[in-house]
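Here is how the chains run, residue by residue.
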Amino acid sequence: MAIPGVAPAAYARRMTPHPPVDSAAGAAVKAADRAHVFHSWSAQGLIDPLAVAGAEGSYFWDYDGNRYLDFTSGLVYTNIGYQHPTVVAAIQEQAGKMTTFAPAFAIEARSEAARLIAERTPGDLDKIFFTNGGAEAVENAVRMARLHTGRTKVLSAYRSYHGATSTAINLTGDPRRWASDNGSAGVVRFWAPFLYRSPFYAQTEAEECARALQHLEDTLAYEGPSTIAAIILETIPGTAGIMTPPPGYLGGVREICDRYGIVFVLDEVMAGFGRTGKWFAADHFDVTPDLMTFAKGVNSGYVPLGGVAISAEIAATFDTRPYPGGLTYSGHPLACAAAVATIHVMEDEKVIENAARIGESVLGPGLRELAENHPSVGEVRGLGAFWALELVRNKETREPLVPYNATGEANAPMAAFGAAAKKNGLWPFINMNRTHAVPACNVSEAEAKEGLAALDAALTVADRHTA
Ligand SMILES: Cc1ncc(COP(=O)(O)O)c(C=O)c1O
């Protein structure tokens, strides 16, 4: 449902141009936060969370009159932007009708969300197990794979993130795992392709693909293929750096999985639901996994929702044998109503086509131009509304602008870049030596250009740290 007289892409620009100032209210919000909210991934005494007063479309604003263009989409999940009126109305309507109901029953919003998702997932992924978010989706996908195969080991990639619950964090291939790396029994990590920092000394995409597949074959041979339940990969790794796999890689992994009876799990929690300019990133590679996890963009995170899309063969394993897993809020009606409305919005307003077009004609060319003009930009990669800039001290050596997992003084160049972006009205996504341009998928051309201009200004600060 569109708002009469308002072109879809214009929702994001309808917001109050000058957000109201109420610094006292902001200070109270901040004080209660600091006193009582225990924040994720943080040293509690070292953080200074911004008090946010409101958000609409691609923007949010604080209590002091500052407005930011959100180039992070929250944590890469508000694919249709903030406060989309159609989805807000659908949540309100569902709340009036049936706010909640236990998962064992057939509920209209749940049935409809499952139908709409299953119709859009690739191949025969036609059954949906709902969770409250991405990590729970990964937990359940792994459980299904283990039960289906009767094997326990799971292969995952370095340079990956799969969530913060016990299994999901142990599958994760970045430093967020280290502190909880005590339950990895059965997890084996391998290197997935990434030509810019090739673990295989490859010079071309074709070499990288062939060597990465050989490395996976070798890892399997030494682990014992008959002991492996699943291989899990982010279709396009997100937080780890938006590394689109070379042509043939995912198809090659599919073939390896088929050969050894291994379940192929694609994690589309971040890359799914329009982010890459298609419904799912897997659609770019014409590959169908056995299990696919999703969350975030399924309903733009308006109400927590995630899930696993399950192939016919794996679903059949649990036709007469109970699936030993469940969640009180599995398929929560409010979350499912938000998903139904979000999927309709994406279609009615051509949000996915917008992401593809903005990627091809604005973000891609604009970011590549920034790379030409700034010594600190080593590589630009991505597609749709899913882009990464690799910041380096030196383009020739590709030395990262800050060391891997740097903190404090060692991370100062990235901190300075981030502060400069914010000063220019852009809220940047920063991870290690990278900044990602991951706006809402319905970002307008003008907003994308505004973001590019702010990045341009902030990169001059990063340039000062090049050698
Ligand atoms: C690829 C991927 N998988 C799983 C997760 C975990 O999702 P959640 O934070 O909803 O548990 C994330 C979160 O960023 C993700 O990017």
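See the structure printed just above.
Residues numbered from 1 in each chain as written. Predicted model: local features only at pLDDT ≥ 70, side-chain atom pairs only at ≥ 80, totals over all residues. Heavy atoms only, no water.

Peer 1: It is not clear to me how the site of the ligand should be interpreted in this structure. Could you clarify?
Peer 2: Within the structure, the ligand sits among Gly133, Gly134, Ala135, Tyr161, His162, Gly163, Glu234, Asp267, Val269, Met270 and Lys296. Between an oxygen atom of the ligand and a main-chain N or O atom of Ala135, the distance comes to 2.7 Å. Here an oxygen atom of the ligand sits 2.9 Å away from a polar atom, N or O, in the side chain of Lys296. The protein chains hide 80% of the 390 Å² of surface that the ligand would expose on its own. In the shell around the ligand, the residues fall into four nonpolar, four polar and three charged. (Near = heavy atom within 4 Å. Polar contact = N/O pair within 3.5 Å; in protein donor to acceptor, adjacent residues only side chain to side chain. Areas by Shrake-Rupley, 256 points an atom, 1.4 Å probe, with all protein chains shown as cover. Nonpolar A, V, L, I, M, F, W, Y, C, P; charged D, E, K, R; others polar.)

Peer 1: Please clarify how the sheet that holds strand β2 (residues 59-62) should be interpreted in this entry.
Peer 2: Hydrogen bonds between backbone groups are what pair the strands of a sheet, and the pairing can be parallel or antiparallel. The sheet built from four strands is open, its strands ordered β1-β2-β3-β13 with mixed pairing. The sheet is open, and its two borders are formed by β1 (52-56) and β13 (426-427), each paired with just one other strand. In this sheet, β2 lies alongside β1 in antiparallel orientation, the contact comprising four bridges. Across the sheet, Glu56 pairs through a bridge with Tyr59, a residue of β2. (Pairing = 2+ DSSP bridges. Helix = DSSP H or I, 4+ residues; strand = E, 2+ residues; numbered from the N terminus.)

Peer 1: I keep staring at the nonpolar core and nothing clicks. Help me out?
Peer 2: Within the largest apolar cluster, 62 residues are counted, with the highest numbers of intra-cluster contacts made by Phe130, Ile231, Leu233, Tyr249, Val253 and Phe273. Counting residues per element, this core draws most heavily on helix α10 (residues 333-348), at eleven residues. (Core = buried A, V, L, I, M, F, W, Y, C linked by side-chain atoms within 4.5 Å. Buried < 20%, exposed > 50% of the residue type's maximum accessible area, 1.4 Å probe, protein only.)

Peer 1: For this particular structure, what's the right way to read empty space enclosed by the protein?
Peer 2: Following the criterion strictly, the structure yields two cavities of 30 Å³ or more and no others. Forming the walls of the largest cavity are 17 residues, and the residues nearest its centre are Ala192, Pro193, Leu233, Glu234 and Pro237. Mapped by element, the contributors of at least two residues to the lining of the largest cavity are β7 (228-234) and α8 (249-260). Residue composition of the lining of the largest cavity, grouped by class: twelve nonpolar, three polar and two charged. (1 Å grid on protein atoms, 1.4 Å probe; cavity = no way out; pocket = protein on both sides within 12 Å on 5 of 7 lines; lining within 4 Å. Points joined across faces, edges and corners; volume = space filled by probe spheres on them.)

Peer 1: How should the sheet that holds strand β11 (residues 377-383) be read in this particular structure?
Peer 2: The four strands lie next to each other as β11-β12-β15-β14, forming an open sheet whose pairing is antiparallel. Edge strands, defined here as strands with exactly one partner in the open sheet, are β11 and β14 (429-431). Between one strand axis and the next, the sheet turns by 20° as a mean value, whatever way the strands run. With three bridges connecting them, β14 and strand β15 (residues 434-437) associate as antiparallel partners. Bridge assignment links Phe429 to a residue of β15, and that residue is His436. (Axes fitted to C-alpha atoms, helices over the stretch in contact; angles between N-to-C directions.)

Peer 1: Help me understand the packing of aromatic side chains in this model?
Peer 2: Two measures describe an aromatic ring pair: the distance that separates the ring centres and the angle between the ring planes. In this structure the tally under the stated criterion is eleven aromatic pairs. Plain terms: the ring middles of Trp41 and Tyr161 are 6.3 Å apart, the flat faces sit at 70° to each other, and that makes the pair edge-to-face. Of the two residues, Trp41 is situated in the loop between α1 (23-36) and β1 and Tyr161 in the loop between β5 (153-157) and α6 (166-171); the sequence distance between them amounts to 120 residues. Ring geometry for Phe60 versus Trp427: centroids 5.5 Å apart, planes at 65°, classification edge-to-face. Taken together, the residues span a long stretch of sequence, with Phe60 in strand β2 and Trp427 in strand β13 at a distance of 367 residues. In this structure Phe60 comes out as buried when scored by relative accessible area, which is 7%. (Phe/Tyr/Trp six-rings, centres within 6.5 Å; stacked < 30°, edge-to-face > 60°.)

Peer 1: How do you make sense of the environment of Ala102 when you look at a structure like this?
Peer 2: Here Ala102 lies in the loop between α3 (85-97) and α4 (108-120). Given the relative accessible area of 37%, Ala102 is considered partly exposed. Each C-alpha atom, one on Ala102 and one on Leu195, is 47 Å from the other, the two residues being 93 residues apart in sequence.

Peer 1: What should I look at first to understand the pairing of β15 in this one?
Peer 2: Within a regular strand, side chains alternate between the sheet's two faces. Burial along β15 is two-sided: Arg434 and His436 facing one way and Thr435 and Ala437 facing the other are all buried. Sheet analysis places strand β12 (residues 386-391) next to β15, joined by four bridges and oriented antiparallel. Residue Leu389 lies in a different strand from β15, and its bridge partner there is Thr435. Joining the antiparallel neighbours β14 and β15 is a turn of two residues, in which Met432 adopts a positive phi near 55°.

Peer 1: Would you take a moment to explain the environment of Lys127 for this structure?
Peer 2: Within the fold, Lys127 resides in strand β4 (residues 127-131). Here Lys127 falls in the partly exposed class, since its relative accessible area comes to 48%. Put simply, Lys127 and Pro103 are 24 residues apart on the chain and 15 Å apart in space, counted from C-alpha to C-alpha. Setting aside residues no more than four positions away along its own chain, Lys127 makes contact with Val308, Ala309, Ile310 and Ala315. (Contact = heavy atoms within 4.5 Å.)

Peer 1: Quick question: what am I supposed to make of the environment of Gly251 here?
Peer 2: Mapped onto the fold, Gly251 is located in helix α8. As a C-alpha pair, Gly251 and Ala282 span 31 residues in sequence and 10 Å in three-dimensional space.

Peer 1: Looking at this model, I keep getting lost on the packing of α3 against α10. Mind explaining?
Peer 2: In a packed pair of helices, the relevant descriptors are the angle between the two axes and the axis-to-axis distance. Running from N to C, α3 and α10 point in directions that differ by 150°, and their axes come no closer than 8 Å. The pairing of α3 with α10 is recorded here as roughly antiparallel in orientation. Crossing of α3 over α10 shows right-handed handedness. Here α3 contributes Thr86, Val87, Ala90, Ile91, Gln94 and Ala95 to the contact with α10, which in turn contributes Pro333, Leu334, Ala337, Ala338, Ala341, Thr342 and Val345. Residues belonging to the contact of α3 with α10 are distributed by class as follows: ten nonpolar, three polar and no charged. (Parallel < 35°, antiparallel > 145°, perpendicular 65-115°, else oblique. Left-handed = near helix turned anticlockwise from the far one by under 90°.)

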